[in-house]
Amino acid sequence: MKICYYPGCTLKTKSQALDQTARLAALALGVEMEEIENWQCCGAVYPMARDEIATKLSAVRALDYAKHNGGRLLTLCSACHNVIKRTNEDMRSDGEICSRANNYLQLEESYRGETEVLHYLEMLKTVVGFDNIAQKVVKPLNRKVGAYYGCLLLRPSGVMAFDNPENPTIIEDFIRALGGTPVIYPFRNECCGAYVGLKNPDLPKKQSERILRSAKEKGAEEVITACPLCLYNLNEKGSGILPVKYFTELLAEALGVKS
Amino acid sequence: MQRIGVFICWCGSNIAATVDVERVADAVKKDQGVVYSATYQYMCSENGQQLIKNAIKEHSLTGIVVGSCSPRMHEATFRKTAEAAGLNSYMVEIANIREHCSWIHKDREEATEKAIILVRTAIAKVNLNAPLSAGESPVIKRALVIGGGIAGIQAALDIAEAGFEVDIVEKNATIGGRMAQIDKTFPTLDCSACILTPKMVDCAQNEKIDILSYSEVEEVKGFVGNFSVKIKRKARFVDEKKCTGCKLCMEKCPSKKGLDEFNMKLNKRPAIYIPFAQAIPNVAVIDPEQCIKLKTGKCGLCQKVCGAGAIDYTQKDEYIERGYGAIVVATGFKPIELNAFNEFGYSENQDVITSLELERIMNAAGPTNGVLLRPSDGEHPKVITFIQCVGSRDTSGCGKPYCSKICCMYTAKHAMLIREKYPDTEVHVFYIDVRTPGKNYDEFFRRAVEQYGVDYIKGMVGKVYNENGKLMVQGSNLIDNEQVLIESDLVVLAAAIEPEPSVRKIATLLTASIDTNNFLTESHAKLRPVESPTAGVYLAGVCQGPKDIPETVSQASACAAKVIGLLVKDKLKTNPCVASANETMCNGCSQCASVCPYGAITYVEKELRVDGKTELRRIASVNPAVCQGCGACTVTCPSGAMDLKGFSSKQIMSEVEEICKR
């Protein structure tokens, strides 16, 4: 099965591990991730200004491409997923943004939010199925893993419709499928400090240490995430309290396809 | 041929600013039947009404059309005006050119055009109107109160005081409702039970009041003045007349693992129990889910120890049927379920409790005998954090969009009582806004802050989590613009309130309308606040909207006044706009009877002469005293035999045709 895939800039530079392990694992699960042509930066941060339109256009281009190539767009980076999914919702429900974007892009056929945006985790759950993954595991994790969701996958919950923002379960189910033991800790959906570190370097440190300490106290041996920025903050500012990896690294490991 | 007068109201500038009233009056001047048309600033004023009366006499009018506000507002007014001038009141039609036109349009040209169409539609109908006269129906001089909380108790006492008989139907084993669970009441801090239980006793002792506890309304038939209600008396397995309330059975019952609903399930109770010490009736009830005898047939201990011989394991649900002239709905509220609010960890942490649970913990008759101890380990909490607006004013979809209205005051009350009784306790309150309007209310809240040193923090809580046995409350302090983390021993959530879920069934039985939040709808938000749009049904307490005890009591007394006003009448005028079947067209198919919500249609065998021959036919017959004129039968009848007086198919079609002319 082929599915349109939007990697995003970070996955081509600092976070190649996320991209590569995801592709290897997907292949092992029978999913071919077809990188879309001529993709551009998603905009990196969803623009909150009502009149901002230019930074939404590249997301619309990617969505429109996917509309004509299978109707689904697979994302992996939490930040890209957040921007693209929210922009898609704008195109679906906000007439003004939709008409302005379409006027600007002059597509052959107007884009109105028809594409289904699917995060890699959602793909694993709904397209492949965690039960099927469990059957393909060759090296069960056999360790305690803390899921770190961060903010961008979960919020705003109405639009993202990813999981219960206060009590998510999808990564825990994923860990179980890989033969690991998920560790529930209070800070798994807390912000890592994100870009605030540029202005206030102490904040990501305080947040990251708190997150990792909390996971460690509850017995986690490592923490996994889907977000390059979260991983950066946790690794660089988290004082090495726990190792932090991309969730796809554990997937590739369990499936025995890690290069 | 009718002689119709048209009267266009300006409603000050309400209509006249958007609709060219003169042009409307002018446009319809030469319409069929119209012999007079005029405008006036306020047609509902005495001068306006006089203008109508004069015109009726001077121009010998046989029908009138008033272009004005909604008929809900002034149809009755103008009908009276017409009657005073000797015209049958059903020869009056209202064209709603305010709510349906001037208020919702901006363009004067378009609004004027629409107003002309609406007035012409009414003229078309009046051309086909015929005088109707109302019949009479007797009033059953007995009221039903559904719900035995403070609202139901107050309404029943007031109705009984006026000399009428009242039945209170309460689904629980005792009356008293939520107020019985509350420890102290704001703003005076008097003991809730001390002011409630005397009223409960008054109910029990009043000869006019019959308390049907552990009972539910199953079926309602009839109409205002003449309701017939089927009531289920649930089997309590204890003879109400024999039980003396000695509680010996409670002591001896071996099955003691039931959750005490009255104490918000904070402690255990036996399978046979009296909900609380001052219960009315003071009679035990058996929980059939928990009773060993009822589940396995073995035990029977309570029957052996009961000196009064009151225990009867063979009791079955019983049904009684009674007639009532009026019904008061006072079904009350419950706090919302908090399972969806994972951020506060209510399900995971025993020491995260709701405010109603705190009421029981603070109450001398509660699970801790009134000593403030936290549920997990029975320790005295030193730091208590209150979180307001849990599920209130919540547009996320987890909670309720409305303000629950009572939480700001009861949270201030709790905070103060705790600081008063345990001055070594630190108390924090997270709030979005503090809303305490009302007599002596804001002063009450300020006392909490100024005299009792309660720490009010403006901001919401994002997370409550357990760290080494402490409840960590992470929230924002919007005034200091910082995140705060409070290490607490007990967290109290001011959960939103919602109507008691059984109200949905009651509303359906009564055909009383209900809003999206399950609150019963009043007839008019400002001017008829205690009447349901269904005649003869009145609303008291939280079933109509969030309110505190003083407001509930006021509303209950208002309901009682309305009920008394109804019950003192010997007869009520019936609505003459009822259905009737054209006997020669009816084929006796029964479809009308199956859609009639009031059971007004029966079938009779009748000899009819058709085409010169006499035939015995089965035809529909409408009881005009029961028919409410809803029209369901007229649209269902496949042969077009059913018609509604005052709203005949011909009249409706003439209106439709008039609208479709444009």
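Residues numbered from 1 in each chain as written. Chains lettered and ligands numbered in written order. Predicted model: local features only at pLDDT ≥ 70, side-chain atom pairs only at ≥ 80, totals over all residues.

1. Comments concerning the overall build of chain B
- Helix and strand content of chain B: 19 helices and 34 strands.
- Along the first, second and third principal axes, the C-alpha set of chain B runs to 85 × 65 × 40 Å.
- Residues counted as buried form 45% of the 662 residues belonging to chain B.
- The long-range share in chain B, meaning contacts at least 24 apart out of those at least 6 apart in sequence, stands at 70%. (Helix = DSSP H or I, 4+ residues; strand = E, 2+ residues; numbered from the N terminus. Buried ≥ 20, exposed ≤ 12 C-beta atoms within 10 Å, placed from the backbone. Contact = placed C-beta atoms within 7 Å.)

2. Describing the interface of chain B and chain A
- On the chain A side, the residues contacting the four residues of chain B number four residues.
- A per-class count over the side of chain B that touches chain A returns one nonpolar, one polar and two charged. (Nonpolar A, V, L, I, M, F, W, Y, C, P; charged D, E, K, R; others polar.)

3. Some points on the nonpolar core
- Counting 134 residues, the largest nonpolar core has B:Ala143, B:Ala155, B:Ala156, B:Val328, B:Val329 and B:Leu493 as the members making the most contacts within it.
- When near neighbours in sequence (up to four residues on either side) are disregarded, B:Val328 contacts B:Ala143, B:Val145, B:Ile146, B:Gly152, B:Ala155, B:Tyr538, B:Ala540, B:Cys559 and B:Val563.
- Within the second largest apolar cluster, 81 residues are counted, among which are A:Leu18, A:Ala59, A:Ile133 and A:Leu152. (Core = buried A, V, L, I, M, F, W, Y, C linked by C-beta atoms within 7 Å.)

4. Here we look at helix α3 (residues 78–93) of chain A
- With 16 residues, α3(A) extends 22 Å between its outermost C-alpha atoms, agreeing within 8% with the 22 Å of an ideal straight helix rising 1.5 Å per residue.
- Extensive coverage of α3(A) is indicated by the burial of 13 of its 16 residues. (Expected span 1.5 Å × (residues − 1).)

5. Quick look at the domain arrangement of chain B
- The assigned domain composition of chain B is domain 1 (4–126), domain 2 (142–234 + 317–332 + 500–567), domain 3 (248–305), domain 4 (335–498) and domain 5 (579–645).
- Between the C-alpha centres of domain 1 of chain B and domain 3 of chain B there is a distance of 67 Å. (Domains from an automatic or database assignment.)

6. Considerations on the sheet that holds strand β24 (residues 461–467) of chain B
All names here are of chain B.
- Ordered by their spatial adjacency, three strands build an open sheet running β24-β25-β26, and the pairing between neighbours is antiparallel. Since the sheet does not close on itself, it has two edges, and those belong to β24 and β26 (482–488), each with one partner. When strand polarity is set aside, the average angle formed by the axes of neighbouring strands in this sheet is 20°.
- With six bridges connecting them, β24 and strand β25 (residues 470–477) associate as antiparallel partners. Bridged to Tyr465 within β25 is Met472. (Pairing = 2+ DSSP bridges. Axes fitted to C-alpha atoms, helices over the stretch in contact; angles between N-to-C directions.)

7. Things to note about the sheet that holds strand β4 (residues 92–96) of chain B
Residue and element names in this part refer to chain B.
- Across the sheet, four strands lie side by side as β2-β1-β3-β4; this open sheet has parallel pairing. Edge positions in the sheet fall to β2 (34–40) and β4, since each of these pairs with one other strand and no more. In this sheet, neighbouring strand axes are inclined to one another by 15° on average, regardless of whether the strands run parallel or antiparallel.
- With six bridges joining them, strand β1 (residues 4–9) and β2 adopt parallel strand pairing. If you follow Ile8 over to β2, its bridge partner there is Thr39.
- Lying on the sheet, helix α6 (residues 108–126) is in contact with β1, β2, β3 (63–68) and β4; it crosses β4 at an angle near 160°.

8. Quick word on unusual backbone geometry
- Omega for the peptide link from B:Phe186 to B:Pro187 comes to -5°, which places this bond in the cis form.
- Structurally, B:Pro187 is set in the loop between β8 (184–185) and β9 (190–191).
- The step from B:Ile280 to B:Pro281 runs through a cis peptide bond, and the omega angle for that step is 0°.
- You can see B:Pro281 is positioned in the loop between β15 (272–273) and β16 (285–286).
- At A:Ala44, a residue that is not glycine, the phi angle is positive and equals roughly 70°.
- In this fold, A:Ala44 is placed in the loop between β2 (32–35) and α2 (57–67).
- Positioned with a positive phi, B:Cys389 is a non-glycine residue whose angle comes to about 55°.

9. Side note on the packing of helix α3 (residues 46–58) of chain B against helix α4 (residues 71–84) of chain B
All names here are of chain B.
- Remark: α3 packs on α4, axes separated minimally by 9 Å, with the N-to-C direction vectors making an angle of 40°. In terms of their interaxial angle, α3 and α4 are classed as oblique. The way α3 lies across α4 gives a crossing that is right-handed. Contact residues: Gln49, Ile52, Lys53 and Ile56 in α3; Thr81, Ala82 and Ala84 in α4.
- When grouped by side-chain class, the residues that make up the contact of α3 with α4 number four nonpolar, two polar and one charged. (Parallel < 35°, antiparallel > 145°, perpendicular 65-115°, else oblique. Left-handed = near helix turned anticlockwise from the far one by under 90°.)

10. Some points on helix α15 (residues 503–510) of chain B
Residue and element names in this part refer to chain B.
- For α15, the set of buried residues is Val503, Ile506, Ala507 and Leu510. Projected down its long axis, α15 shows its buried positions confined to an angular sector of 100°, all on one face.
- Turning to α15, the residues buried within the fold contact β6 (142–146), β11 (215–223), β18 (326–329), β28 (497–499) and β29 (537–539).
- Thr511, located one to two residues past α15, shows a positive phi value of around 45°. (Arc of directions from axis to C-beta.)

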